[in-house]
Amino acid sequence: MDIVVIIAGNSYATKRAVINCFDATINFPGLEVGAKLTPVLASLMEAGFHVRDFDGHSNVTTYFLVRGSADDGGCHPLAALDGRLNTQVTIQTSAGTVSGLVLLIGSDVVELLEPSGDILLIPAYSIQTVI
């Protein structure tokens, strides 16, 4: 099993999340202090990692990613979004319909960038359909 833990913070100067520190059981290209968070997360997910947990406080977020665990590939509420990172989707939720670019697929949440520039966090339990 491969494990990566990333602590990232928002840079108000560049308006981007950057990696402040990390720990990993493997060497992974691009995983370095100061790197932009979103491309690194996308690369890790394309390499088979899954976000198992994340937690944020103020402008800092910690991500816990795993590859090769016994539960990889199982059925989960966000299965309809597998392989859809960095693509446009429309999601019908219990609160209405939203569209945007998939930025992050977590263990129980999806992060979308709306055309207006707003970022939405959609809990898995509220997703009804994905187009």
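Residues numbered from 1 in each chain as written. Predicted model: local features only at pLDDT ≥ 70, side-chain atom pairs only at ≥ 80, totals over all residues. Heavy atoms only, no water.

Asker: Is there a simple way to explain the pattern of salt bridges in this structure?
Answerer: Opposite charge on two side chains permits pairing when their charged atoms draw close. A complete count under the given rule lists 1 salt bridge for this structure. The salt bridge involving aspartate 2 is made with arginine 67; its shortest N-O contact spans 2.7 Å. Of the two residues, aspartate 2 is situated in strand 1 (residues 2-11) and arginine 67 in strand 4 (residues 60-67); the sequence distance between them amounts to 65 residues. The exposure class assigned to arginine 67 is partly exposed, which follows from its relative accessible area of 24%. (Salt bridge = Lys/Arg side-chain N within 4 Å of Asp/Glu carboxyl O. Helix = DSSP H or I, 4+ residues; strand = E, 2+ residues; numbered from the N terminus. Buried < 20%, exposed > 50% of the residue type's maximum accessible area, 1.4 Å probe, protein only.)

Asker: In this structure, what is going on with the packing of aromatic side chains? I would like to understand it.
Answerer: One pass over the structure, following the stated rule, counts 1 aromatic pair. Where phenylalanine 28 meets phenylalanine 49, the ring centres are 6.3 Å apart and the plane angle is 85°; that geometry is what we call edge-to-face. Here phenylalanine 28 is found in the loop between strand 2 (16-24) and helix 1 (37-46), whereas its partner phenylalanine 49 is found in the loop between helix 1 and strand 3 (50-57), with 21 residues between them in sequence. Classification of phenylalanine 49 by relative accessible area gives buried; the value is 2%. (Phe/Tyr/Trp six-rings, centres within 6.5 Å; stacked < 30°, edge-to-face > 60°.)

Asker: How do you make sense of the sheet that holds strand 9 (residues 127-130) when you look at a structure like this?
Answerer: Backbone hydrogen bonds hold the strands of a sheet together, and the pairing may be parallel or antiparallel. One open sheet holds the 5 strands; their spatial order is 8-7-6-5-9, and the pairing between them is antiparallel. Looking at the sheet topology across the chains shown, the edges are occupied by strand 8 (119-123) and strand 9. The average undirected angle you get between the axes of adjacent strands in this sheet is 45°. Bridge analysis of strand 5 (residues 88-93) against strand 6 (residues 96-105) gives 6 bridges, and the strand direction is antiparallel. Considered in strand 6, the bridge of isoleucine 91 is made with valine 98. (Pairing = 2+ DSSP bridges. Axes fitted to C-alpha atoms, helices over the stretch in contact; angles between N-to-C directions.)

Asker: It is not clear to me how the sheet that holds strand 1 should be interpreted in this structure. Could you clarify?
Answerer: Read from one edge to the other, the open sheet built from 4 strands follows the order 2-1-4-3, with strand pairing classed as antiparallel. Each edge of the open sheet carries a strand with a single partner, namely strand 2 and strand 3. Going across the sheet, the axis of each strand differs from the next one's by a mean of 20°, ignoring polarity. Across the sheet, helix 1 lies against strand 1, strand 2, strand 3 and strand 4, angled at about 160° from strand 1, the strand it touches most. (Contact = heavy atoms within 4.5 Å.)

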